[in-house]
Amino acid sequence: MTSRATDSESDLTDIEEYAENSALPRLNNKKAKGRVSYVTSTENESDKQILTFRHITKAQEKTRKRQQPVKLPPLPVLKVYQDHKQPEYIHEQNRLTVMTAGLLKRPVSIAEKSFVTSSTQILEHQDAVKKMQIHQPYVEVFSPSPPKLPCSGTEKRDVFRTRSLSYPKYTFHDREEVVKANIRDPLEIIKIIRENEHLGFLYVIPAVPRSSIEYDTYNLKVVSYENINKNDYYTISQRAVTHIYNEDAEFIEIDRWEQEYLYHRELTKIPIFSLFRKWKAFSVWRKNVRSKKITGCRKSLQKNLFIVNPHLQPALLKINELCYYLSFMGLCYIEKCHTYTLQEFKAAQVIWLAEVTERLGEFRNEAKYVVRKACRFALRAAGFVPDDCPFGPFEGMKGKEPQYIRDYHKMQSSISFINTPYELPTYGDSEKMTYTEQASKRHHCMRLTCFIRLNDYLIENILHVLTVNAVNSLLNHLTDKLKRTPSADVIQKWITEEKPEVPDKKGTLVMEKQEEDESLIPMFLTELMLTVQSLLFEPSLEDFLDGILGAVNHCQNTVLSVPNLVPDSYFDAFTSPYINNKLEEKTCGTGPSLAAVFEDDKNFHTVISQIKETIQAAFESARLYAATFEKFQIFFKENESLDLQALKLQEPDINFFSEQLEKYHKQHKDAVALRPTRNVGLLLVDTRLLREKLIPSPLRCLEVLNFMLPRQSKKKVDAIIFEAQDAEYKLEFVPTTTTEYVHSLLFLDEIQERIESLEDEGNIVTQMYKLIEQYQVPTPPEDFAVFATMKPSIVAVRNAIDKSVGDRESTIKQFCVHLGSDLEELNNEVNEVKLQAQDPQILDISADQDKIRLILNNLQSVLADLQKRAFQYKSYQKKFKVEVSKFEALEEVSAELKLKQLLWDSFSEWDKLQQEWLKSKFDCLDPEVLNGQVSKYAKFVTQLEKGLPPNSVVPQLKYKVEKMKEKLPVIIDLRNPTLKARHWAAIEQTVDATLVDAEIPLTLERLSELHVFDFGQEIQDISGQASGEAALEAILKKVEDSWKRNEFVILPHRDSKDVFILGGTDDIQVLLDESIINVATLASSRYIGPLKTRVDKWQKQLALFNQTLEEWLTCQKNWLYLESIFSAPDIQRQLPAEAKMFLQVDKSWKEIMRKVNRLPNALRAATQPGLLETFQNNNALLDQIQKCLEAYLESKRVIFPRFYFLSNDELLEILAQTRNPQAVQPHLRKCFDSISKLEFALMPPAEGKIPGIDGEPEKGYSRSKHTGTLLAQQFRG
């Protein structure tokens, strides 16, 4: 604020001094420059004399409105604060302070006061402009002119002259120095001339050419005489400026020229003047470009637009007229108030499109004639005779043209060149054309070809419009009919409102009256067809879509059948003319493609899609109506799927007949009541065929029921009458034997239960005959007569039952008497069988076995018959609740006979088995089966001893069984599968006989002859020895097999192809421990004798394997640890001796692992000779290397104790990367308490030095995240 006040005071002081004395020295540069850049304030404009526009332009008004923000009035307190902060207020306060201190004199005159006020306003406005420039940096502020001070003309010139005094003082000895200084500011040039009087004058020319937008009258540069433009240059001297232009000279005083320059400079700060040259250049360029383009377009249109061509214009108008008349022709024919079938619609379209095709052919012929005539006139007008018209265009045709041709000629003559009185040159083919003529004819023919193509476009356009209109017309018809579609609720109610049609006197059907509005008449007819599977429409939706879209395609094909004019040979005279008797190549192509237009016309495809959707919507309503026939389709499907022939063979109940008769009569009634047609908007659904197919369906079922019901009724009546008569007969029959009494009593019980159901059946038959009468089923009269006798027969049975129930007690007494005599007879027969079973010869060993077996079989069959009779008598007694008799004698005889039969069967079967065992080969005997048979017969012997009296047969059987039982252990021992040749040799030595002989097979009989069974204990010992040895051998075999298929897991080391390591050895270790235990168990067994050599060998191999594997794994562990360390070049350089030792171990390790990779069998690989010693030597070297490595790390920790915070692996990781200072980053937290991360940067090198050269260590700057800035020195090993 102080500096600003000081500057203002100094400026005001200088201005006052200048006002008092006009002869004062020139103002300094700073003050002069400040006055020039000032802008007058917006206040008190009437008191200021400055160069301004009288009226605000519209552009300035828009700019000011856009720049000025909407201001709201501030609060009163804020307004006072803002006023006190205004520069005017501050300046006034400062001025009063200076005047009060006596440093500034008060103004004396009105002129001085006006001058000071104006200066103050200038300073204030300058501050305001600066503030506005700060707040609006993109708004350029222009100063129209410097303010006019209230002074005389001399003073005004002096003020502007000071502008040249604000530059530094220049001293030049000659003009060449001025030229080399390249000074372009006019004020500086004037200053140089005034300060260097010895120069005389200077030559000046425009700095840029007149065409440049930077050209300015005062944009000059000093040049030598040789470089001036003799027609346009300036000379500047101390007195004046002379402008020589095209030998004319203009003289102006230097002070005036300087003043005009200053005015000019201030004027150019106004946007309209500063941008004038750019605007003018752009406006001129834009006008020229626009004029050129408009002129070019006008010429091009006049040259290329056929409608302005007087010879082609009538043809174009005629073609447009033909197209206009053609546009009223429709491609789709639809008769109002008519309902089409699909076939009728398709046939109508085919007939109509045939007529359209003829009309299109006539239209094309007319268009061809008109176009060719126009082309002939145009070519003749150009001076060429058409190839196909060597004579005049009307010769030979006078008065024969059609009316439209005469009209065309009349139209053409009214505007063509025929009435123009001038002649055109004519080029005939008789004389040879020049190249110019050839090119002209070729050009005119090409233009006429384009004219023909234009007509093709017009024709194709109207054809396209016709097609689109036809499709739109079809869509409108369909949509209009679709709007009349009843709602879904109305359609669903139709089925409940169906009423049968009443025929009139003439036999015609009286239909419901339909409104005569043509919009209610459907457009298409479809039939609703009924099948077993579903209801379907004929034609279906797909048929309608295919038919209607086929009609649309037919319309397209009809218009596509109109060929283009361009490729027609009719126009070959213009598309492929003869020039100098040479036929030009036809390059016009095939013309426009209407098919491509149809393909690209999205609106056309949209209309077709809407037609599809309309038809689909119509069929949706038709399907909704068809859904009301679902119940008819269901019962039709049921009726058709019903097997009537199989139904005839069935005998259903009365409910079936009642339900089915009611159902089928109702179905027939509903089918007859169906309406033949229904209007559903666009479609008229015809159901006559459905009705004709539906009515016979229930009638066929009724026919079968009418056949079944009388037959089944008659059959049931006959059965009831027959059963009633048979029951009456049985009830009146008098029994005479026990069986007859039983049957009589049982029948009485049965008929008492049956009579109820018999009466029910009679009631059912009665209901059947009621149904016959209700539904008028045809039935013979004799069936009704038989039905009348059914009820009396049932009443007679009921009376006979009552009588028999009253005589039941006496009947049971008679039954008991007859049953007692039958039981007595049964006991006598049992006693006779018992006497026969106790015959002594049955238990005599000397008796004939076949005879005894025959006697026992006969007695067994008689006993079975007696047991059956006894069971029947017991059932009679239980049935009639009489005391049940016991048949103990019968049971005793039955048990005795069973034991005796078992005795003789066992005796016979044992002899057979024993002979079979003695004769069969000993190798074929199954000890288990033999043991089971012997045990079985031993049990039989025990039962026979307990159940039979003493006899001579049982002891004999027992002896044989016991004898075989004693031999059984020896047989089992000799059949031991583990017996080897040495064991058989020991057995033969024990029994002193040869048992294994190839010539004499070994049998049980031979063993008995050799008394082998006498050496049972010795044979048992030998067999036990064989079993023990076999068990040991199995264990040893298991160990051998497990090691044969066990292999080491070999893995590549660090994705290397040639370096391997062992994978997991847990499975091998488990197998090793298991094998050692098993082999130790074998060695301690008492049966080890034959296997001792093999077991000892395995003990040695497993011990060697165990020791080698331990050394192997130890070597691998140490090698893996040291390999990552000594792979670093820095470690190898720092520990050369240890690196050499590790290289020796590394080479040995890799060689061993390559061999193991080729042969990975674990036992074979680990028991190779010398392998254990190799691993022991390697482990010793690796231990020595680790000790040296520990000592090396300890030495590093002694040098830098913070390394004690790191583990060996972490310290080795750092030492292995001594050239990478970033390697310490992960370990900083362990080494230092408050450092998390270091950021490294190179130290800026001194001048002339490069980091890392001249023996200076490279340093890096690092910044800690927590402790500030640190300087880190790289550690070098």
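Bear in mind the structure is a predicted one, so any value in this text is a computation, not a measurement. (Residues numbered from 1 in each chain as written. Predicted model: local features only at pLDDT ≥ 70, side-chain atom pairs only at ≥ 80, totals over all residues. Heavy atoms only, no water.)

Comments concerning the nonpolar core
One finds Leu 474 and Phe 524 to be the most contacted residues of the largest nonpolar core, which totals 93 residues. Setting aside anything within four residues of it in sequence, one finds Leu 474 in contact with Cys 332, Ile 334, Phe 345, Met 523, Ile 548, Val 552 and Ile 611. The next biggest cluster of nonpolar side chains, apart from the first, holds 67 residues, and it includes Leu 823, Val 833, Val 893 and Trp 917. (Core = buried A, V, L, I, M, F, W, Y, C linked by side-chain atoms within 4.5 Å. Buried < 20%, exposed > 50% of the residue type's maximum accessible area, 1.4 Å probe, protein only. Contact = heavy atoms within 4.5 Å.)

Focus: unusual backbone geometry
Pro 539 follows Glu 538 through a cis peptide bond whose omega is 0°. Within the secondary structure, Pro 539 is located in the loop between strand 7 (535–538) and helix 18 (541–560). Despite not being glycine, Asn 182 has its phi angle at roughly 55°, a positive value. In this structure, Asn 182 sits in the loop between helix 8 (175–181) and helix 9 (186–195). For Asn 246, which is not glycine, the phi dihedral falls at a positive 50°. As for its placement among the helices and strands, Asn 246 is situated in the loop between strand 4 (240–245) and strand 5 (248–253). (Helix = DSSP H or I, 4+ residues; strand = E, 2+ residues; numbered from the N terminus.)

With respect to the environment of Gly 383
Looking at where Gly 383 falls in the secondary structure, it is placed in the loop between helix 14 (342–381) and helix 15 (403–415). For Gly 383, a relative accessible area of 1% puts it in the buried group.

Side note on the packing of aromatic side chains
Counting across every chain of the model gives 32 aromatic pairs. Their ring planes at 65° and their centres at 5.4 Å tell us that Phe 306 and Phe 451 sit as a pair that is edge-to-face. Pair noted here: Phe 306 is in the loop between helix 12 (276–304) and helix 13 (313–326) and Phe 451 is in helix 16 (residues 435–483), with a separation of 145 residues, a long-range link. An identical accessibility class is assigned to Phe 306 and Phe 451; each is buried. Among the aromatic side chains, those forming a connected cluster through ring pairs are Trp 1043, Phe 1048, Phe 1105, Trp 1112, Trp 1119, Trp 1149 and Phe 1175. A cation sits over an aromatic face here: Arg 175 above Phe 201, 4.2 Å from the ring centre. Positioned over the ring face of Tyr 225 is Lys 230, at 5.0 Å from the centre of the ring. (Phe/Tyr/Trp six-rings, centres within 6.5 Å; stacked < 30°, edge-to-face > 60°. Lys NZ or Arg CZ within 6 Å of the ring centre and 35° of its normal.)

Examining the sheet that holds strand 1 (residues 201–206)
If you trace the five strands from one edge of the open sheet to the other, you get 2-1-3-4-5, paired in antiparallel fashion. Edge positions in the open sheet fall to strand 2 (220–223) and strand 5, since each of these has one partner strand only. Ignoring strand direction, the axes of neighbouring strands in this sheet form an average angle of 30°. Across four bridges, the pairing between strand 1 and strand 3 (residues 232–237) is antiparallel. Looking at the pairing, Val 204 lines up with Tyr 234 of strand 3. Sitting on the sheet, helix 10 (residues 254–267) touches strand 2, strand 3, strand 4 and strand 5, and the angle it makes with strand 5 is about 85°. (Pairing = 2+ DSSP bridges. Axes fitted to C-alpha atoms, helices over the stretch in contact; angles between N-to-C directions.)

Side note on the pairing of strand 4
Across the six residues of strand 4, five count as buried, placing the element largely inside the fold. Here five bridges tie strand 3 to strand 4, and the two strands are oriented antiparallel to one another. Note that in strand 4 the partner of Ile 236 across the bridge is Val 241. The turn linking strand 3 back onto strand 4 is made up of two residues. In terms of strand pairing, strand 4 meets strand 5 through six bridges, oriented antiparallel. Bridge pairing in strand 5 places Thr 242 opposite Phe 251.

A word on the sheet that holds strand 6 (residues 524–530)
With mixed pairing, the four strands of this open sheet are ordered in space as 7-6-11-10. The open sheet has two edge strands, strand 7 and strand 10 (677–680), and neither has a second partner. With direction set aside, neighbouring strand axes in the sheet form an average angle of 30°. Here four bridges tie strand 6 to strand 11 (residues 683–686), and the two strands are oriented parallel to one another. Note on strand 11: the bridge partner recorded for Phe 524 is Leu 683. Along the sheet, helix 18 makes contact with strand 6, strand 7 and strand 11, crossing strand 6 at roughly 155°.

Looking at a nonpolar patch on the surface
On the surface, a nonpolar cluster with roughly 400 Å² of combined accessible area is contributed by Leu 301, Leu 305, Ile 307, Val 308 and Leu 317. Along the chain, Leu 317 falls in helix 13. (Patch = residues over 30% accessible without salt bridge, like charges linked within 9 Å, V, L, I, M, F, W, Y side chains within 5 Å. Areas by Shrake-Rupley, 256 points an atom, 1.4 Å probe, with all protein chains shown as cover. Salt bridge = Lys/Arg side-chain N within 4 Å of Asp/Glu carboxyl O.)

Details of a negative patch on the surface
Residues Asp 174, Glu 176, Glu 177 and Glu 226 make up a contiguous surface patch of negative charge. Here Glu 226 shows up in the loop between strand 2 and strand 3. (Lys, Arg positive; Asp, Glu negative; His and termini not counted. Charge placed at Lys NZ, Arg CZ, Asp CG, Glu CD.)

Description of the pattern of salt bridges
A side chain with one charge may pair with a side chain of the opposite charge, provided their charged atoms come close. Tallied over the entire structure, the rule returns 27 salt bridges. Of the charged contacts in the structure, one is a salt bridge between Lys 666 and Asp 670, with a shortest N-O distance of 3.0 Å. Of this pair, Lys 666 and Asp 670 both sit in helix 24 (residues 654–672), four residues apart, roughly one helical turn. You can call Asp 670 partly exposed: its relative accessible area is 23%. A salt bridge links Asp 718 to Lys 714; its shortest N-O distance comes to 3.1 Å.

Concerning the side chain of Thr 628
Here Thr 628 shows up in the loop between helix 21 (602–627) and helix 22 (630–641). There is a polar contact of 2.3 Å between the side chain of Thr 628 and the backbone oxygen of Tyr 625. (Polar contact = N/O pair within 3.5 Å; in protein donor to acceptor, adjacent residues only side chain to side chain.)

Focus on the confidence of the model for the protein
Within the protein, residue pLDDT values average 76, and 80% of them lie at 70 or more. Across residues 499–516, where pLDDT falls below 50, the model places 18 contacts with residues more than four positions away in sequence or in other chains. (pLDDT = per-residue confidence, 0-100.)

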